[in-house]
Every structure is written in structure tokens, then in C-alpha cells.
Amino acid sequence: IYTRTGDKGKTSTYTGQRLPKDDVIFNALGAVDTLSSHIGLSRVYCKQDDISQDLKSIQCNLQDLGSVIATPLASATPQQLATVSFSARHISSLESKIDTYTAHLPPLTNFILPSGSKCSAHLHVTRTFARTAERSVVPLLHQHGGDIDSVFKYLNRLSDYLFTAARYCSHQDNVPEEIYTKQTPDGS
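It should be emphasised that the depicted structure is a prediction, and the values quoted were computed from it without experimental measurement.

1. Brief notes about the overall build of the protein
The number of helices and strands found in the protein is six helices and two strands. Element order for the protein, N to C, with α for helix and β for strand: β-β-α-α-α-α-α-α. Projected onto its principal axes, the C-alpha positions of the protein cover 55 × 40 × 35 Å. Looking at the 188 residues of the protein, the share that counts as buried comes to 39%. In the protein, the share of contacts with a sequence separation of at least 24, taken over all contacts with a separation of at least 6, comes to 74%. In the structure as shown, the protein presents an accessible area of about 10600 Å², 53% of it carried by carbon and sulfur atoms. For the protein, the distance from the average position of its 18 positive side-chain charges to the average position of its 18 negative side-chain charges is 6 Å.

The following block contains the structure:
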């Protein structure tokens with residue numbers, strides 16, 4: 001598992017290019033890895049088979065998405081680019097799932113607090129890591145190329161999916177959503 005090739009602070013992209021470990025590419029890869037780990041943790045607490053299967057599929061998509069991030073257009077061969085494509089259909093799939101789960105939920109008329117059932121609370125935390133991953137990809141939009149636009153859009157939609165899935169799980173677990181209320185300094 002260890003190679004010692006990164007012991008001096010550099011590592012390789014899929015194309016073989018050696019870059020510092022704090023390069024924006026590796027920051028984005030790290031954020032996506034963290035996101036996938038939190039999705040795995042959320043799956044542990046999820047009682048809903050449909051959501052659990054979605055989350056497993058999303059973790060697989062994040063592996064593919066990471067391949068795109070790890071393959072800078074400037075140093076990639078056509079063969080490398082062909083093996084790391086990320087289809088925009090993944091975005092449409094998330095949108096469809098958001099619509100399906102939303103149809104089973106009461107309309108959102110207030111801000112809600114991230115809470116709910118164990119699964120729901122974990123999905124809310126995971127959603128924040130999706131936003132972090134999304135922000136980490138922004139610098140790549142202007143310099144990376146390839147399917148990075150689809151990667152960014154997928155991460156954007158993924159946080160929407162996770163919010164909806166969190167609400168759906170709470171609803172399915174019969175745990176009411178907690179509504180935000182402005183607090184006064186005296187606690188009333």
C-alpha cells in the first residue's frame with residue numbers, strides 16, 4: 001500500500017504528471033474522498049433501501065468523478081480522456097430522484113434545521129461535505145478541461161439530492177422536521 005513516492009510532498013495525477021500534494025487537483029480529490037466516506041457513514045444509518053442503493057451508486061459515481069479530476073486535460077492523452085469521461089446523464093438521474101422523493105414530502109414553507117432521524121442528520125452533515133467538494137472544484141473549472149463542467153454540476157446537484165434525501169428519511173422514519181425560529185437574546 002505504500003510506495004514512498006509521495007514522501008517529499010509530491011504525487012502523480014492519472015496522466016503521470018507530478019504535482020505538489022497541495023495542488024488544487026489533490027485538494028478536490030481529497031474533498032471528494034471525504035464526501036464519499038461520509039456517504040458511506042450515512043448508509044450505515046439509513047433504513048430506506050431506495051436511499052441506501054442511491055448512496056451506493058453515488059459513491060461509485062464519485063470514484064468516476066475523481067478520475068476526471070485526476071486527469072488534467074493539458075497532460076492527458078486521448079486514450080486517457082476516453083477512459084475517464086463523466087456523463088451528464090448522472091446529473092439528470094439525480095434530478096429525477098430529487099423529484100421522486102420530493103413528491104412524497106410536504107411542501108417546504110420554512111427553513112428547517114439540519115436534524116431529524118439518525119440517517120437524516122448524517123445526510124445533512126454529508127450535504128455540507130458535498131458543498132465543500134463543490135467549492136474545491138471551482139478553481140478547476142477555468143484550467144482543467146474535460147468533463148469538469150459535468151463534475152461540478154453533479155456535485156451541485158448532489159447537495160440538493162442529499163438535502164431532499166435527509167428530509168425524505170425523516171419523513172419515512174416519522175421524525176418531524178424542526179423549523180427554524182429566530183431566537184431573541186433572552187431566549188424567547
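That was the structure; now back to the text.
2. A short note on the confidence of the model for the protein
Within the protein, residue pLDDT values average 92, and 97% of them lie at 70 or more. By mean pLDDT, the top-scoring element of the protein is helix α4 (residues 89–102) (98), and the lowest-scoring one is strand β2 (residues 18–20) (83).

3. Notes on the side chain of Thr 13
With respect to the helices, strands and loops of the structure, Thr 13 is situated in the loop between β1 (10–12) and β2. At 2.7 Å, the side chain of Thr 13 and the side chain of Thr 15 are in polar contact. Leave out the neighbours within four places in its chain, and Thr 13 touches Leu 19, Ile 25, Phe 26, Ala 70 and Pro 72.

4. Describing the environment of Gln 48
Relative to the helices and strands, Gln 48 is located in the loop between α1 (24–45) and α2 (49–69). On the accessibility criterion, Gln 48 (8% relative accessible area) is buried. Considering only alpha carbons, one finds Gln 48 and Leu 162, 114 residues apart in sequence, at a separation of 14 Å. Look past the residues within four positions of Gln 48 in its chain and what remains in contact with it is Tyr 168, Cys 169, Gln 172 and Asp 173.

5. Structural notes on α1
Because the α-helix completes a turn every 3.6 residues, residues three or four places apart line up on one side. In this model α1 runs 32 Å from its N-terminal to its C-terminal C-alpha over 22 residues, within 8% of the 32 Å that 1.5 Å per residue would give. Within the sequence span of α1, burial applies to Ile 25, Phe 26, Ala 28, Ala 31, Val 32, Leu 35, Ser 36, Ile 39 and Ser 42. Elements that come into contact with the buried residues of α1 comprise β1, β2, α2, α5 (118–141) and α6 (148–172).

So, how was this worked out
- Residues numbered from 1 in each chain as written.
- Predicted model: local features only at pLDDT ≥ 70, side-chain atom pairs only at ≥ 80, totals over all residues.
- Heavy atoms only, no water.
- Helix = DSSP H or I, 4+ residues; strand = E, 2+ residues; numbered from the N terminus.
- Buried < 20%, exposed > 50% of the residue type's maximum accessible area, 1.4 Å probe, protein only.
- Contact = heavy atoms within 4.5 Å.
- Areas by Shrake-Rupley, 256 points an atom, 1.4 Å probe, with all protein chains shown as cover.
- Lys, Arg positive; Asp, Glu negative; His and termini not counted.
- Charge placed at Lys NZ, Arg CZ, Asp CG, Glu CD.
- pLDDT = per-residue confidence, 0-100.
- Polar contact = N/O pair within 3.5 Å; in protein donor to acceptor, adjacent residues only side chain to side chain.
- Expected span 1.5 Å × (residues − 1).

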